[in-house]
Amino acid sequence: MTLPAVASPADTVVAPATAKDCAVTTNGAAVESTNPLLRSWADQPFHLPPFKDIEAEHFEPAFEAAMAEHIADLEAIANSPAVDFDSVLGAYDRAGGLLGKVGAVFDNYTGSLNTSDIQKVDTKMAPILSRHYSRSYDIPGLFEKIEKLYEVREEKQKSGEWTAEQARLAERVYVKFVRMGAKFDAATKGEYADIQAQLATLQTQFSQNVLKDEEEWELVLTEADMKGCPADIVAAARQAAVDRNKGPDDHVITLGRSLVEPFLSYASRRDLRKTVFEAFSKRGELSPDRDNLKLAVETLRLRKRQAELHGKKSFAEYQFSDTMAQTPENGMKLLTDVWSKAKVAANKEREIMEAFLLEKGETLEGGIQPWDWRFYAEQVRLAKFNFDESEMKPYFSLDAVTEAVFDVSNKLYGLNYVERKDIQGYHPDVNVYEVHNEKDELVAVFLHDNYARAHKSSGAWMSEFRTQTKNLSPGDDAMEAIPIVVNNNNFVRGKDNTLLSFDDGTTLFHEMGHGHHGMLSDCQYEYVASTNVLKDWVELPSQLMEHWLGEPEVLKEHAKHYQTGDIVPDDLLKRFKKAELFNEGFATIEYTACAMLDIALHSLSEYPDDFDLSKFEKDYLASQDMPKGIIMRHRPAHFQHLFASSSYASGYYVYLWAQVLDCDVFGAFKETGNVFDAATAKRCKELIYSSGNTKPPQELFRAFRGREPDATFMLKDRGLIPE
């Protein structure tokens, strides 16, 4: 089971991308002919950004022009005498198209192509953009119109004058304005804007510090040092050495998770495992010049003040008020219920490993430490279940898993992927596809960026260069309604073939679930389309997709040996299935510890001058009886979900919340006796993937399942209660 890496969508400070073919001027001087971000992209295939022409220097002037246009759009709405839906909310949904277009490219570059030049622009523009967005919620007369329409939304829907989606749009826009301080007095608005700008700067620096640590740290080894590692991991380490211009016999371990975790699982030398583990777990604090703990504490204090201005006791209370869970207590209740069961499972797993060591006559100084756990879990998996993860990897080439996910996408939702090798992405690693439905209509453009490399953030995520909409401006080309979706992974490139672990494959399926959310979106208004949903709903579409990779029907068709083409043997699959849930206690603990600490940390009433975040982490985990030998999956100094944006802050619980939903939804497929049941897939597409935020998520789930969610499916899936 794959646990979360990097969140898909960032906190929406840049409007979702809507490319508009309009002439752009700044101070009356045409700039579209010299700046590729400002000229029309209609000459590009599918109106994609002109990637080959874009340089870092183009972003600042493009942002300046786009921000000016955005304010002009909003002022036109505010100053118009009209107060009908399309003149206000329809126009608001269309406003800032250029800013969304430029911002979408920039946001994707800061994640996938974050060179030093892009980082400089990001550092400079982060507070400027933040203040622009604060201003955009304070246009005189605009909120008054939005509030007026919000107050009549139920009446308009009941009368049939508005659709349910229009009523939902009125609600979501109003809520966003209020959460951005639209009801504050002038002085408070000023303070709130200052807080947002400071947070933007801190979050940008936090992210850049983690990236720098991951780029700079390396462990140069000989092939002998890698004793115990499978051939594909040795080859990947050798390729990393080549990429970093090392000697002809050198091998390099970097801080990419797809290289670190296999090394920790197989490398025989305990001292080297410890070296790698300690560096990996201390990202964000490897250099005294990059103190992310200090940045995190400053962020926490600003968030606390932000919550106070909204009349909330804590940032956790503020964040939860706009979620399915509603309160920190509700989120924590789910976590602690799972925590108690996971502790029993993890402690039992450690006891099994200790018994294994005793049988072998081995003694570990200090007992099983965090750099030992994965190694001995694999040893036990081999001894107890006769299963070695490395046996599966030859059947899980990147090509095979990609074919599998496209096939599942087709069987469930009728999507067909046509690769366009003639179209250039933003990097040579990127594969570009046009995506058609069962009627052979173009429904999306899909970019697949799978490899780890310099200047790319760690983890995996989905984002968009253009979000689906039907609310086009007069004269817009219909292509502007077609989404452009990108999935990022961080697989370690093999020399000839890239082989994935089952967890890597699950990550690819997970991100395709997010991709489906964007590609299958069928909403009138961009503001409520695609992944623009409540945070504890957004992980349902992604985690739901994970289930199909482990289905025998999928494995027997697509798990093919990368050299011979042979299908994975039945005996290997049986051994894999028997071993599947071993170490699930460990995986659940390292995730749930993060989610619990996140809520606890953001629930504090103060962060005094001597607040020590490392001490808080240590003390909190001790108070929760953290199982020995396990640490948090993401420690505070590199916990980008929390501190690289505010999106998942006090919200990391959402993966488990959504797992209750996704396991229940997958249960509906299983209950039919066919995981590709057409009727169930049709309802799933309509209610989960296509509906965006057009209705409250609770309503969508009840419409699909006919009842409230049942956590039993999730607990069984994690092996925390018997089948």
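Scroll up to find the structure.
Figured I'd write up the structure that's included with this text. (Residues numbered from 1 in each chain as written. Predicted model: local features only at pLDDT ≥ 70, side-chain atom pairs only at ≥ 80, totals over all residues. Heavy atoms only, no water.)

**Section: the overall build of the protein**
Next, step 1: Check the secondary structure of the protein and you find 28 helices and nine strands.
Next, step 2: Taking 723 residues into account, the globule formula puts the C-alpha radius of gyration at 27 Å, and the protein, at 25 Å, falls close to it.
Next, step 3: Viewed in the frame of its principal axes, the protein has a C-alpha envelope of about 85 × 60 × 55 Å.
Next, step 4: Classification of the 723 residues of the protein by burial places 61% in the buried group.
Next, step 5: Total accessible area on the protein stands at roughly 28,000 Å², and carbon and sulfur atoms take up 49% of it.
Next, step 6: Placing the 82 positive and 115 negative side-chain charges of the protein at their respective mean positions leaves the two points 3 Å apart. (Helix = DSSP H or I, 4+ residues; strand = E, 2+ residues; numbered from the N terminus. Rg over C-alpha atoms; globule rule 2.2 N^0.38 Å. Buried < 20%, exposed > 50% of the residue type's maximum accessible area, 1.4 Å probe, protein only. Areas by Shrake-Rupley, 256 points an atom, 1.4 Å probe, with all protein chains shown as cover. Lys, Arg positive; Asp, Glu negative; His and termini not counted. Charge placed at Lys NZ, Arg CZ, Asp CG, Glu CD.)

**Regarding the sheet that holds strand β5 (residues 416-419)**
Next, step 1: Ordered by their spatial adjacency, five strands build an open sheet running β5-β6-β7-β9-β8, and the pairing between neighbours is mixed. Only two strands of the sheet have a single partner each, and these edge strands are β5 and β8 (461-466). Pairwise comparison of adjacent strand axes, ignoring direction, gives a mean angle of 30° for this sheet.
Next, step 2: Relative to strand β9 (residues 484-491), β8 runs antiparallel, the two being bridged by five bridges. Along β9, the bridge assignment pairs S463 with V486.
Next, step 3: The strands touched by helix α18 (residues 502-519) are β5, β6 (431-436), β7 (442-451), β8 and β9; relative to β9, the strand with the most contacts, the crossing angle is about 170°. (Pairing = 2+ DSSP bridges. Axes fitted to C-alpha atoms, helices over the stretch in contact; angles between N-to-C directions. Contact = heavy atoms within 4.5 Å.)

**Here we look at the state of the cysteines**
Next, step 1: All chains considered together, the criterion is met by zero disulfides.
Next, step 2: Here C684 stays free of any disulfide, with the sulfur of C663 as its closest cysteine sulfur at 13 Å. (Disulfide = S-S within 2.5 Å.)

**Topic: the pattern of salt bridges**
Next, step 1: This model, assessed by the stated rule, comprises 58 salt bridges.
Next, step 2: The salt bridge involving R707 is made with D664; its shortest N-O contact spans 2.7 Å. Of the two residues, R707 is situated in the loop between α27 (697-705) and α28 (712-717) and D664 in helix α25 (residues 654-671); the sequence distance between them amounts to 43 residues.
Next, step 3: R707 gets classed as partly exposed once you look at its relative accessible area, which sits at 29%. (Salt bridge = Lys/Arg side-chain N within 4 Å of Asp/Glu carboxyl O.)

**Comments concerning the packing of helix α3 (residues 97-112) against helix α4 (residues 116-136)**
Next, step 1: The contact between α3 and α4 brings their axes to 12 Å, and the two run at 140°. By the angle class used here, α3 and α4 are oblique. Crossing angle aside, the handedness with which α3 passes α4 is left-handed. Contacts between α3 and α4 involve L99, F106, Y109 and T110 from the former and I118, V121, D122, L129, H132 and Y133 from the latter.
Next, step 2: Its residues assigned to classes, the contact of α3 with α4 comprises seven nonpolar, two polar and one charged. (Parallel < 35°, antiparallel > 145°, perpendicular 65-115°, else oblique. Left-handed = near helix turned anticlockwise from the far one by under 90°. Nonpolar A, V, L, I, M, F, W, Y, C, P; charged D, E, K, R; others polar.)

**Quick notes on the packing of helix α14 (residues 328-360) against helix α22 (residues 584-602)**
Next, step 1: Between α14 and α22, the least distance of the axes is 8 Å, while the angle of their chain directions is 150°. By the angle between their directions, the pair α14 and α22 is classed as roughly antiparallel. The two elements α14 and α22 meet at a crossing, and its hand is left-handed. Facing α14, whose interface residues are P328, G331, M332, L335, T336, V338, W339, A342, K343, A345, A346 and E349, α22 presents E584, G585, F586, T588, I589, T592, A593, A595, M596, I599 and A600.
Next, step 2: Of the residues belonging to the contact of α14 with α22, the class tally is 15 nonpolar, five polar and three charged.

**Let's talk about the packing of aromatic side chains**
To describe a pair of aromatic rings, you give the distance between the ring centres and the angle between the ring planes.
Next, step 1: Counting across every chain of the model gives 44 aromatic pairs.
Next, step 2: Site record: aromatic cluster; members linked through ring pairs are F51, F59, F63, F106, Y109, Y426 and F465.
Next, step 3: A cation over a ring is seen here: K101 above W41, with NZ or CZ 4.1 Å from the ring centre.
Next, step 4: If you follow R493 out to its NZ or CZ, it ends over the ring of Y451, 3.9 Å from the centre. (Phe/Tyr/Trp six-rings, centres within 6.5 Å; stacked < 30°, edge-to-face > 60°. Lys NZ or Arg CZ within 6 Å of the ring centre and 35° of its normal.)

**With respect to α22**
Next, step 1: The terminal C-alpha atoms of α22, which comprises 19 residues, lie 27 Å apart, in line with the 27 Å expected from a rise of 1.5 Å per residue.
Next, step 2: Counting buried residues in α22 gives 19 out of 19 residues, a clear majority hidden from the surface. (Expected span 1.5 Å × (residues − 1).)

**Let's talk about the side chain of S258**
Next, step 1: Considering the arrangement of structural elements, one finds S258 in helix α10 (residues 257-266).
Next, step 2: Given the relative accessible area of 17%, S258 is considered buried.
Next, step 3: A distance of 3.2 Å separates the side chain of S258 from the backbone oxygen of N490, its partner in a polar contact.
Next, step 4: Not counting the four nearest positions on each side in its chain, S258 is found in contact with N490, F491, V492 and D504. (Polar contact = N/O pair within 3.5 Å; in protein donor to acceptor, adjacent residues only side chain to side chain.)

**What about the nonpolar core?**
Next, step 1: Ranked by internal contacts, the top residues of the largest apolar core, which has 139 residues, are F396, F509 and W548.
Next, step 2: In this structure W548 touches V408, L412, F509, V554, F666, F669, V675 and F676, once residues within four positions along its chain are discounted.
Next, step 3: Counting 37 residues, the second largest nonpolar core, distinct from the first, contains F51, Y426, V432 and L447. (Core = buried A, V, L, I, M, F, W, Y, C linked by side-chain atoms within 4.5 Å.)

**Remarks on unusual backbone geometry**
Next, step 1: The phi dihedral of D440 is positive, around 65°, even though this residue is not glycine.
Next, step 2: The residue N583 is not glycine, and still its phi comes out positive at about 80°.
Next, step 3: Of note, N583 is situated in the loop between α21 (570-579) and α22.
Next, step 4: A relative accessible area of 10% means that N583 is categorised as buried.

**Side note on the environment of A600**
Next, step 1: With respect to the helices and strands, A600 occurs in helix α22.
Next, step 2: Using a relative accessible area of 15% as the deciding quantity, one classes A600 as buried.
Next, step 3: Linking A600 and R273, residues 327 residues apart in sequence, is a C-alpha distance of 31 Å.
Next, step 4: Discounting chain neighbours no more than four positions away, the residues touching A600 are M332, F616 and Y620.

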